Amino acid sequence: MKIGVIGAGPGSLAAADLLVNAGYDVSVFEKEGVVGGRNASIRTGEYTFDVGPTFLMMDFILREIFEECDRDLDDYVDVVPLDPYYQLIYSDGSKLKLGPDRGEVKESLSGFNPADADGFDSFFSDNEKKLNRALPALQRGYYKYSDLLSREVLNMLPVLRPFTSLWDELGKHYSEDRVKIGFTFQSKYLGMSPYNCPSMFSIIPFIEHKWGIKHVTGGLNQLAVAMADLFEELGGDLQLNRPVREIEIESGKARGLKFEDGTVEEFDGIVMGSDFAWSIKNLVPEKKRGKYSDAKMDGMNYSCSTFMLYLGLDKLYDDLEHHNVLISEDYRRNFKEVETDKVFPQDPSLYVQNPSVTDATLAPEGNSTLYVLVPVPNLKGEVDWEEGREYYRELTLGRLKEGAGLGDLEDHIDYEKIITPEDWKEDFNVGYGATFNLAHNLTQMLAFRPRNKFEVFDRAWLVGGGTNPGSGLPTIYESGRIAAHNIMDTFGE
Ligand SMILES: Cc1cc2nc3c(=O)[nH]c(=O)nc-3n(C[C@H](O)[C@H](O)[C@H](O)COP(=O)(O)OP(=O)(O)OC[C@H]3O[C@@H](n4cnc5c(N)ncnc54)[C@H](O)[C@@H]3O)c2cc1C
């Protein structure tokens, strides 16, 4: 059985590894000269940056994928648990560091409000129950609406609380806003505001506190490299610089792939791992994509985008933690600007990674890399990024100098790269520049999210953050596993 896989991002590679291991004849076609997609690296002569993911959580899912292929992930990468996980820096200068020691977490919280220290216990036990009920529903495929009546989904219903926001949910445990921010800023991993994000996602901060946050030496891009190495070791055919132009569909079945060079190859099944919102509009003619018309795609709900600044520095800020989040003075307004008004946030919350405090492989000795992520509106807004690029660079540097205490930052910039929402769309093929894919409101999840066995035409499977279960590495790996196992169920092992 011949399977053609579009893209070499983490979703594609997870499916490709499992399929080639099960004996399928698998070819992966990646438009770029490197693997990883948004999980690739930016390499200059001296500096290495992760393009996208920097927080590794639930690494056991990737470990299980390697184990299914009779391999040990630790033979491929060096996974490093972080302590602290991150530092939050508020506009009044106060800081909150959270890490694996629960006693220390409670002590830090009580510094803000003594009652909130006990809130951590109730947060932990409530969410342990919630995760136990939610995880099985997030690890299965949805092939028809009646799958919403499956045991896994019914079991999750009591903890779903669909009409409560993440922010209000955390109000059950904590009263001080700065503490609530420490347990809700994670909605940004989904590109959503905590005021709109479904309460169910309180499982994300819980997952951090239960299993920790990890780094990978050399950057999380090494995970994609490891998956590609495994694929080739198992006999897979990896073709870089081979962009796909169209999925060939005949009589409601995917038959093959047409490439940018005009050639066509036939396959028994196609796995589409390139971003769903971009790919459905660009790789499938409108008359063959059923309900996913241009109008439907334009009307769906998307995550925010990100303005990225990657800086190589000739110094190391060793008092800045590995992961840092600077919180805007008007936290709520910042989300409104990004999600609702879709304008440049003027005093943005932002994330700064200073990985050289943990990992000496990313920059020459004494130097360092800084990765700065600023949530900004996706391209459904009117922001002109051609003009905005320089303006936003200045604004971001200003926030870092004042908010993170990096006063002399500009004197030490040795390398710099910017990615704007337009670049996400044009260079990474990310629909609407929505870096975290389709939003995760409940009407776009489970059976309502594009399905891992595609519901519109046959012989096609979908993986990656725009499909079930959702954006974020653990769920993306899971999408690859669900799709691969469904292909095995369809064609046999
Ligand atoms: C800035 C940022 C930060 C993030 N941080 C985290 C984090 O800390 N932790 C976390 O768990 N997740 C994070 N994520 C989310 C998620 O893990 C990544 O976006 C992930 O890389 C998405 O994987 P994917 O497989 O869905 O798609 P992609 O990584 O986009 O892979 C798709 C692949 O398809 C290729 N492709 C596209 N079009 C074609 C074509 N026509 N022909 C052939 N190939 C094509 C692309 O080049 C790419 O390699 C982050 C994402 C971003 C953007």
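Cut-offs and rules
Residues numbered from 1 in each chain as written. Predicted model: local features only at pLDDT ≥ 70, side-chain atom pairs only at ≥ 80, totals over all residues. Heavy atoms only, no water. Buried < 20%, exposed > 50% of the residue type's maximum accessible area, 1.4 Å probe, protein only. Helix = DSSP H or I, 4+ residues; strand = E, 2+ residues; numbered from the N terminus. Contact = heavy atoms within 4.5 Å. Salt bridge = Lys/Arg side-chain N within 4 Å of Asp/Glu carboxyl O. Pairing = 2+ DSSP bridges. Axes fitted to C-alpha atoms, helices over the stretch in contact; angles between N-to-C directions. Domains from an automatic or database assignment. Buried area = accessible area lost by both parts, 1.4 Å probe. Near = heavy atom within 4 Å. Polar contact = N/O pair within 3.5 Å; in protein donor to acceptor, adjacent residues only side chain to side chain. Areas by Shrake-Rupley, 256 points an atom, 1.4 Å probe, with all protein chains shown as cover.

## What about helix H10 (residues 276-283)?
Okay, step 1: The buried fraction of H10 is high, at six of eight residues.
Okay, step 2: Among the residues making up H10, those that are buried are Phe276, Ala277, Trp278, Ser279, Ile280 and Leu283.
Okay, step 3: Along its buried surface, H10 packs onto strand E1 (2-6), strand E10 (244-250), strand E13 (269-272), helix H11 (294-299), helix H14 (421-428) and strand E19 (460-462).

## A few points about the pattern of salt bridges
Pairing of side chains with opposite charge becomes possible as their charged atoms draw close.
Okay, step 1: Evaluation of the coordinates by the stated rule reveals 38 salt bridges.
Okay, step 2: Note that lysine 106 is salt-bridged to aspartate 121, the shortest N-O span being 2.6 Å. Within this pair, whereas lysine 106 is found in helix H3 (residues 102-112), its partner aspartate 121 is found in helix H4 (residues 114-138), the two being separated by 15 residues in sequence.
Okay, step 3: Judged by relative accessible area, which is 24%, lysine 106 ranks as partly exposed.
Okay, step 4: Given a relative accessible area of 38%, aspartate 121 falls into the partly exposed group.
Okay, step 5: It is possible to trace a salt-bridge network through shared partners that takes in Asp126, Lys130, Arg161, Glu169 and Lys172.

## Some remarks on the sheet that holds E19
Okay, step 1: Judged by pairing direction, the sheet is parallel, and its five strands sit side by side in the order E9-E2-E1-E13-E19 without closing on themselves. With partners counted over all chains shown, the strands left at the sheet margins are strand E9 (237-239) and E19, one partner each. Going across the sheet, the axis of each strand differs from the next one's by a mean of 20 degrees, ignoring polarity.
Okay, step 2: Where E1 and E13 come together, four bridges link them in parallel fashion. Residue pairing in the sheet places isoleucine 6 in a bridge with methionine 272 of E13.

## Remarks on the domain arrangement of the chain
Okay, step 1: If you check the domain split of the chain, you get domain 1 (2-80 + 217-300 + 437-491), domain 2 (101-211) and domain 3 (304-428).
Okay, step 2: For domain 1 versus domain 2, the distance between C-alpha centres works out to 28 Å.
Okay, step 3: Counting from both sides, the interface comprises 24 residues of domain 1 and, opposite them, 23 residues of domain 2.
Okay, step 4: In this assembly, domain 1 packs against domain 2 so that about 2,100 Å² is buried in total across both faces, 74% of it on carbon and sulfur atoms.

## A short note on the site of the ligand
Okay, step 1: Taken together, 37 residues surround the ligand, and among them Glu30, Arg38, Asn429, Gly465 and Leu473 come closest.
Okay, step 2: Within the backbone of glycine 36, one N or O atom sits 3.4 Å away from an oxygen atom of the ligand.
Okay, step 3: Threonine 54 is positioned such that a nitrogen or oxygen atom in its backbone is 3.0 Å from an oxygen atom of the ligand.
Okay, step 4: Look at the ligand: alone it shows 980 Å² of surface, and the protein chains cover 95% of it.
Okay, step 5: Among the elements of the structure, helix H1 (10-21), strand E17 (368-376) and helix H15 (473-491) are those that each provide at least two residues to the shell around the ligand.
Okay, step 6: Among the elements that take part in the shell around the ligand, H15 stands out by supplying three residues, more than any other.

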